[in-house]
Amino acid sequence: MLRLYWKRFLSNPLAVAGALVIVALAVSGLAAPSLAPMDPLAQDLFARLKGPSAAHWFGTDELGRDVFSRMIAGLRVSLLIGFMSAFISISIGTVLGLIAGYWRGWVDAILMRVVDIVLCFPTLFLILMILAVLDKPSIYMVMAVIGLTSWAGLARMVRGEVLSMRERDFILVARGLGLSTPRIMLVHLLPNVISPVIVAATLTVGAAILTESGLSFLGLGVQPPLPSWGNILTSGKDFIHVAWWLSLFPGLAILVTVLAFNLLGEGLRDVLDPRL
Amino acid sequence: MTKTDNLAPLSVGGDLVSVQGLTVEYISGKSAFAAVREANLTIRAGETVALVGESGCGKTTLALSLIGLLPSKQSRITAGSLSFDGQDMRAASNDDWRILRGRRIAMVFQDPFAALNPVLTIGHQLGETIELDSPKDGEPPKARAAELLKMVQLDESERILRSYPHQMSGGQRQRVMIAMALARRPDLLIADEPTTALDVTIQDEIVKLLRRLQEELRMAMLFVTHNVGLVQQIAARTAVMYAGRIVEHGSSASVLSDPQHPYTQGLLKSLPTLTSRGTLPILEGQPPEPAHVPPGCAFHPRCPRRFEPCDKVDPAERPSGSSLTRCHLYPEQ
């Protein structure tokens, strides 16, 4: 089974490319402090807004900080927020979907109405509202808020999968053998609905990174001086006519990263769900 | 209820399952129809009872009600009583049932291809059942699993325990299902058409296996089947179901050799025998849909011997010959 999945995955060059980019990014993120050539917060007012050169690969910003070092530090922040908020969102979505689908009845009715309500709120607006109220949010707040606002679609999807799976004979057999309900849900149902969850997880990481960049760009995400791709982009917008490198590199980095996650996600979907 | 009462010997011949006047309805939207109507059935400890009937006659519903696995939101028991080993199970909660399931009542299902979890190995699924009972310091689950596989005549237990269901044949899977069902030494095994999905040669092996295990483990068994031909091989008593009712109920010998109800008679006449020649007689017509059962005796539109009261009055269960039957041909004495 696994070997078959692996073979199918390798036959999709775009997905493999996405996976390689993500691995490279994750490794750089983990090694960030030792990888950055300079201190991302060290200012050098004599070298402000210098273009890319051998000393500063991606140039310097308006305070003379090395953009490459800042982006590596920002990569760490962005990936951390992406993974953690995806983790929060996937956990909530999966657990609520399992519960709603397995118990059905009024539990299901209530949970699905909550999902409806969350889904019909414009997510970005909701996040903006919460963060605006919080005032100078920490990156943990940003993670939590992104995670807590993006689980609803997955909950509904998992519920649908569980509804069709719970009628299968092997669930009846498991009940007939006297297994407990939590055990049936976690050991017997969950692995059977995990494929869409894996795909959604990958796509959610990409989406969360994008959301974080957007929030930081608007000044509501990661707060300076802590660098993130979004807030490097913000500082770049004021100098876009004189220092293009300040906007181009973080923009490209966001593009490549989110693209990599989406390619991987779609590749995984093809691997795990041969019906498509 | 503690573990010890499982070790106490069952009173030999005592009633293990007692079903009186059980009516089970399925609900869809606002309408409901009875899939099982006023069923009386007893299963004594250590005996095998066969439940025979056509598809859709309610035999699986009756079987599921004995293990508390009726779909809770689409069905309900509307009348009658149901008890297991003296405990009233009609009023039982989910937890009451869960204590009995697997440990005292187990079930083998019709389709071995759907009954095993496709993403877990056999070792995992069998081990998980074994671990429900065995304390951590007891017999290692792996040894017990191998022992169970040997009991159902599966060799190469090492390889099988590592396999996924899709790597095994239907017969092997059904043997694994039986091993799982028997892992906790239940007092009652419900076998719901355990051979229907299998090849004829494998069918015979599975029936023999079940019969042997039933004797060795001295458990009671409810063998649900649509194949009258299997009944004699396996069951001491037989109940024949038609359109949700048990129409005839007695020892297998008397039901098969001296059938009372016209339905049983027709069913047996349509069986090929070694001496039969030419076309077999058939039962004219189709069994009614469960939602549209005719009034009176449900069998009357197809019955060759119907007479006056048949389309008006549903006959009660009465003794006739050495069986109990529901038919106006045998009035109260």
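Here the structure is a predicted model, which means the values were calculated and not measured. The written sequence of each chain sets the order in which its residues are numbered from 1. As they are written, the chains are lettered A onward and the ligands numbered 1 onward, keeping that order. Under the rules for a predicted model, residues below a pLDDT of 70 receive no local features and side-chain atom pairs below 80 are neither given nor counted, while totals for whole chains, interfaces and linings still include all residues.

Draft legend 1. Inspection of the overall build of chain B at higher detail. In this description a helix means any DSSP run of H or I spanning at least four residues, a strand means any run of E spanning at least two, and both kinds are numbered starting from the N terminus. Helices and strands together make up the secondary structure of chain B, namely 10 helices and 12 strands. Our radius of gyration looks at C-alpha atoms and nothing else; its globule reference is 2.2 Å times the residue count to the power 0.38. Taking 2.2 N^0.38 as the reference for a compact globule, 333 residues should give roughly 20 Å; the C-alpha atoms of chain B span a radius of gyration of 21 Å, in line with that estimate. Overall, chain B is about 70 × 50 × 45 Å in size when its C-alpha atoms are taken along their principal axes. Counting other C-beta atoms within 10 Å of a residue's own tells you its class, since 20 or more makes it buried, 12 or fewer makes it exposed, and anything in between is partly exposed; those C-beta atoms are placed from the backbone. When each of the 333 residues of chain B is scored for burial, the buried share is 42%.

Draft legend 2. Layout of the overall build of chain A. When helices and strands are tallied, chain A shows 12 helices and zero strands. Ordered by position in the sequence, the α and β elements of chain A form the string α-α-α-α-α-α-α-α-α-α-α-α. Summarising its shape, the C-alpha atoms of chain A cover approximately 75 × 45 × 30 Å along the three principal directions. Within the span of chain A, comprising 276 residues, buried residues form 43% of the whole. Residues are treated as contacting if the C-beta atoms built from their backbones sit within 7 Å of each other. Counting contacts in chain A only where the partners sit at least 6 residues apart, residues at least 24 apart contribute 69% of the total.

Draft legend 3. Up close: the interface of chain B and chain A. Taken residue by residue, the interface counts 21 residues in chain B and 16 residues in chain A. If you list the elements that add at least two residues to the side of chain B that touches chain A, you get strand E6 (105–108) and helix H3 (122–131) of chain B. When grouped by side-chain class, the residues that make up the side of chain B that touches chain A number 12 nonpolar, three polar and six charged. Residues are grouped as follows: nonpolar covers Ala, Val, Leu, Ile, Met, Phe, Trp, Tyr, Cys and Pro; charged covers Asp, Glu, Lys and Arg; every other residue, Gly included, is treated as polar.

Draft legend 4. Layout of the confidence of the model for chain B. All names here are of chain B. Each residue carries a pLDDT score, the predictor's own confidence in it, on a scale running from 0 to 100. For chain B, per-residue confidence averages 87 on the pLDDT scale, and 94% of positions sit at 70 or higher. This model gives residues 1–12 a pLDDT under 50, and the stretch forms nine contacts once residues within four places in sequence are excluded. Per the prediction output, this complex has pTM 0.80; the corresponding ipTM is 0.82.

Draft legend 5. Seen up close, the sheet that holds strand E4 (residues 75–84) of chain B. Pairing is antiparallel in the open sheet, where four strands are placed in the order E2-E1-E4-E5 (chain B). Edge positions in the sheet fall to strand E2 (31–44) and strand E5 (87–88) of chain B, since each of these pairs with one other strand and no more. Two strands form a pair only when DSSP identifies at least two bridges running between them.

Draft legend 6. The domain arrangement of chain B, seen in detail. All names here are of chain B. Delimitation of the domains relies on an automatic or database domain assignment. Each assigned domain of chain B is listed here: domain 1 (13–104 + 187–273 + 280–293) and domain 2 (116–185). The centre of domain 1, based on its C-alpha atoms, is set 26 Å off from the matching centre of domain 2. If you look at the interface, domain 1 gives 13 residues, while domain 2 gives 13 residues. It is helix H7 (residues 200–216) that provides the largest number of residues to the side of domain 1 that touches domain 2, a total of six residues.

Draft legend 7. Seen up close, the pairing of E4(B). All names here are of chain B. In the sheet, strand E1 (residues 15–28) pairs with E4 via eight bridges, with the strands oriented antiparallel. Across the sheet, residue Ser18 finds its bridge partner in E4, namely Ser83. The pairing of E4 with E5 spans two bridges and is antiparallel. The residue of E5 that forms the bridge with Phe84 is Gln87. Connecting E4 to the antiparallel partner E5 that follows it, the hairpin turn spans two residues, and Asp85 within it adopts a positive phi of roughly 50°.

Draft legend 8. Up close: the nonpolar core. What makes a nonpolar core is a set of buried Ala, Val, Leu, Ile, Met, Phe, Trp, Tyr and Cys residues, with links drawn between C-beta atoms within 7 Å. A:Met71, B:Leu51, B:Ala179, B:Leu188, B:Ile190 and B:Leu222 are the most contacted members of the largest nonpolar core, which totals 152 residues. Per-element tally for this core: the top contributor is helix H4 (residues 67–103) of chain A, with 15 residues. For B:Ala179, the residues in contact, after removing those within four places along its chain, are B:Leu126, B:Leu148, B:Leu149, B:Met151 and B:Val152.

Draft legend 9. Representation of the environment of B:Glu47 within the structure. All names here are of chain B. Along the chain, the position of Glu47 falls in the loop between E2 and strand E3 (48–52). With 18 C-beta atoms counted inside 10 Å, the residue Glu47 sits in the partly exposed group. Measuring from C-alpha to C-alpha, the distance between Glu47 and Ala220 comes to 4.7 Å, with 173 residues separating the pair along the chain. The residues contacting Glu47, other than those within four sequence positions of it, are Ala220, Ala236 and Arg237.

Draft legend 10. Here's a closer look at the pairing of strand E8 (residues 220–225) of chain B. Residue and element names in this part refer to chain B. Burial runs high along E8: six of the six residues are buried. Every second residue of E8 is oriented toward a common face, with Ala220, Leu222 and Val224 on one face and Met221, Phe223 and Thr225 on the other, all of them buried. Two strands pair when backbone bridges link them, and E3 and E8 are joined in this way by five bridges, in the parallel orientation. In the strand pairing of E8, Val49 is matched with Leu222. One ladder, built from five bridges, connects strand E7 (residues 188–192) with E8; its direction is parallel. Each residue of the ladder has a partner; that of Ile190, found in E8, is Leu222. Seen with its strands pointing away from the viewer, a crossover is right-handed if its path from the first strand over the helix to the second goes clockwise. What joins E7 to E8 is H7, and the crossover it makes is right-handed.

Draft legend 11. The sheet that holds E6(B), seen in detail. All names here are of chain B. Across the sheet, eight strands lie side by side as E6-E7-E8-E3-E9-E10-E12-E11; this open sheet has mixed pairing. Both outer strands of the open sheet, E6 and strand E11 (318–320), are each paired with one neighbouring strand and no more. Strand-to-strand twist of the sheet, defined as the mean angle between neighbouring strand axes without regard to direction, takes the value 20°. By the bridge criterion, four bridges tie E6 to E7 in an arrangement that is parallel. Looking at the pairing, Ile105 lines up with Leu188 of E7. The convention used is that axes are lines fitted to C-alpha atoms, helices contributing only their stretch in contact, and that angles between N-to-C directions extend from 0 to 180 degrees.

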